[in-house]
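If you want the building blocks of each chain, they are given just below.
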Amino acid sequence: MIQKIAILGGTFNPIHNGHLHLIKRFSEKIGFDRVILIPTKVPTHKGEEHLADAVHRVRMCRLAAKEFGYEVSDVEVQRETPSYTVLTLEALKHKFPNDMLYFITGEDMFLSLLTWNDPDRIFQLATICSAPRSIEGMGKMEQYAQILKTHGANTILANIDFLPISSTLVRTVWKNGEDISDLVPAAVVNYMKQYDLYKE
């Protein structure tokens, strides 16, 4: 039986309810058989300030994933080279040769896909799923999807109700000593307390 496998990568610094909301909504739309979260070791697209150690970010992902039955892979954390998506998708396709891969990404990353390492190969390996984070986002994304189509990409765009949550917001609110229980799963909040993360 062919499975539909969703992949969501990111720094997850920390993982928050916005990430989980995106997966849930796409899962309702597509019907994934399994979901794999993949924390990156070194972000290749953006510099990340206050980046928690990869061990902590993987553990927080596992705590968040447990509630929903999602999986977490440390394939990128273990890799010595930069965390290129194409390498991760190659590894997953080797592991699941007969299954369908769906790569979920946010608006900003979607609109930069052609600048990624070997984008045409990425499009061969996975269907790209994305949702806007702004009112005007869908129009820009639909135009870009037409360009990606000329590179062989299959895309699924969904006008999901976006949650105004980011890892930066979580860290700022947390550092200020305010409540983040609406932003982050409870198990992750407890972990951040236990290891005193993002307080500096």
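Just so we're clear, the structure is a prediction, and the values are computed from it rather than from any experiment. (Residues numbered from 1 in each chain as written. Predicted model: local features only at pLDDT ≥ 70, side-chain atom pairs only at ≥ 80, totals over all residues. Heavy atoms only, no water.)

K.L.:
Teacher, can you tell me more about the environment of Leu-92 here?
P.N.:
Residue position: Leu-92 is located in helix α4 (residues 85-95). Separated by 74 residues in the primary sequence, Leu-92 and Ser-166 have C-alpha atoms spaced 27 Å apart. Residues contacting Leu-92, with those up to four places away along its chain left out, are Ile-7, Ile-36, Ile-38 and Leu-101. (Helix = DSSP H or I, 4+ residues; strand = E, 2+ residues; numbered from the N terminus. Contact = heavy atoms within 4.5 Å.)

K.L.:
Can you help me understand the packing of aromatic side chains in this one?
P.N.:
Aromatic rings considered in pairs are described by the distance between their centres and by the relative angle of their planes. With the rule as written, the count across this model stands at 5 aromatic pairs. Seen in terms of ring centroids, Phe-103 and Trp-116 are 6.0 Å apart; in terms of plane orientation they differ by 85 degrees. Their pairing is edge-to-face. Of this pair, Phe-103 sits in strand β4 (residues 100-106) while Trp-116 sits in the loop between α5 (107-110) and α6 (119-125), placing them 13 residues apart in sequence. In terms of burial, Phe-103 and Trp-116 fall into one category: buried. Judged by centre distance (4.5 Å) and plane angle (35 degrees), the ring pair of Tyr-191 and Tyr-195 falls under tilted. One end of the pair, Tyr-191, and the other, Tyr-195, are both in helix α9 (residues 186-195), 4 residues apart, so they sit about a helical turn from each other. (Phe/Tyr/Trp six-rings, centres within 6.5 Å; stacked < 30°, edge-to-face > 60°. Buried < 20%, exposed > 50% of the residue type's maximum accessible area, 1.4 Å probe, protein only.)

K.L.:
Hey, could you run me through the environment of Tyr-195 in this one?
P.N.:
Overall, Tyr-195 belongs to the partly exposed group, its relative accessible area being 35%. A C-alpha to C-alpha distance of 8.7 Å links Tyr-195 and His-56, two positions 139 residues apart in sequence. Residue contacts for Tyr-195: discarding those within four places in its chain leaves His-56 and Arg-59.

K.L.:
For this particular structure, what's the right way to read unusual backbone geometry?
P.N.:
Glycine aside, the phi torsion of most residues is negative, and most peptide linkages are trans. Here the bond from Asn-13 into Pro-14 is cis, since omega is 5 degrees, no more than 30 degrees from zero. For Pro-14, the position within the fold is in the loop between β1 (4-10) and α1 (17-30). Here Asp-118, not a glycine, exhibits a phi torsion of approximately 55 degrees, which is positive. Position of Asp-118 among the secondary structure elements: in the loop between α5 and α6. Despite not being glycine, Tyr-198 shows a phi value in the positive range, around 60 degrees. With respect to the helices and strands, the residue Tyr-198 is situated in the segment after α9.

K.L.:
Explain the nonpolar core to me, please; I cannot follow it from the model alone.
P.N.:
Among the nonpolar cores identified, the biggest contains 41 residues, and Ile-15, Phe-26, Leu-37, Ile-180 and Met-192 are the most heavily contacted of them. Mapped by element, the contributors of at least two residues to this core are β1, α1, β2 (34-39), α2 (54-66), β4, β5 (126-131), α8 (167-175) and α9. Element by element, the count of residues in this core is highest for α2, at 6 residues. For Met-192, the contacting residues outside a window of four places in its chain are Pro-14, Met-60, Val-170, Trp-174, Ile-180, Leu-197 and Tyr-198. Formed by 23 residues, the second largest nonpolar core is a distinct cluster that contains Ile-7, Ile-36, Val-86 and Leu-125. (Core = buried A, V, L, I, M, F, W, Y, C linked by side-chain atoms within 4.5 Å.)

K.L.:
Looking at this structure, how should I read helix α7 (residues 137-149)?
P.N.:
Within an α-helix, residues lying three or four positions from one another point in the same direction, as the helix has 3.6 residues per turn. Its 13 residues place the ends of α7 18 Å apart at the C-alpha level, agreeing with the 18 Å of an ideal helix rising 1.5 Å per residue. Buried within α7 are the following residues: Gly-137, Met-138, Met-141, Tyr-144, Ala-145 and Leu-148. With its buried residues spanning 125 degrees around the axis, α7 presents them on a single face. Opposite the packed face of α7, turned more than 90 degrees from it, sit the exposed residues Gln-143 and Gln-146. (Expected span 1.5 Å × (residues − 1). Arc of directions from axis to C-beta.)

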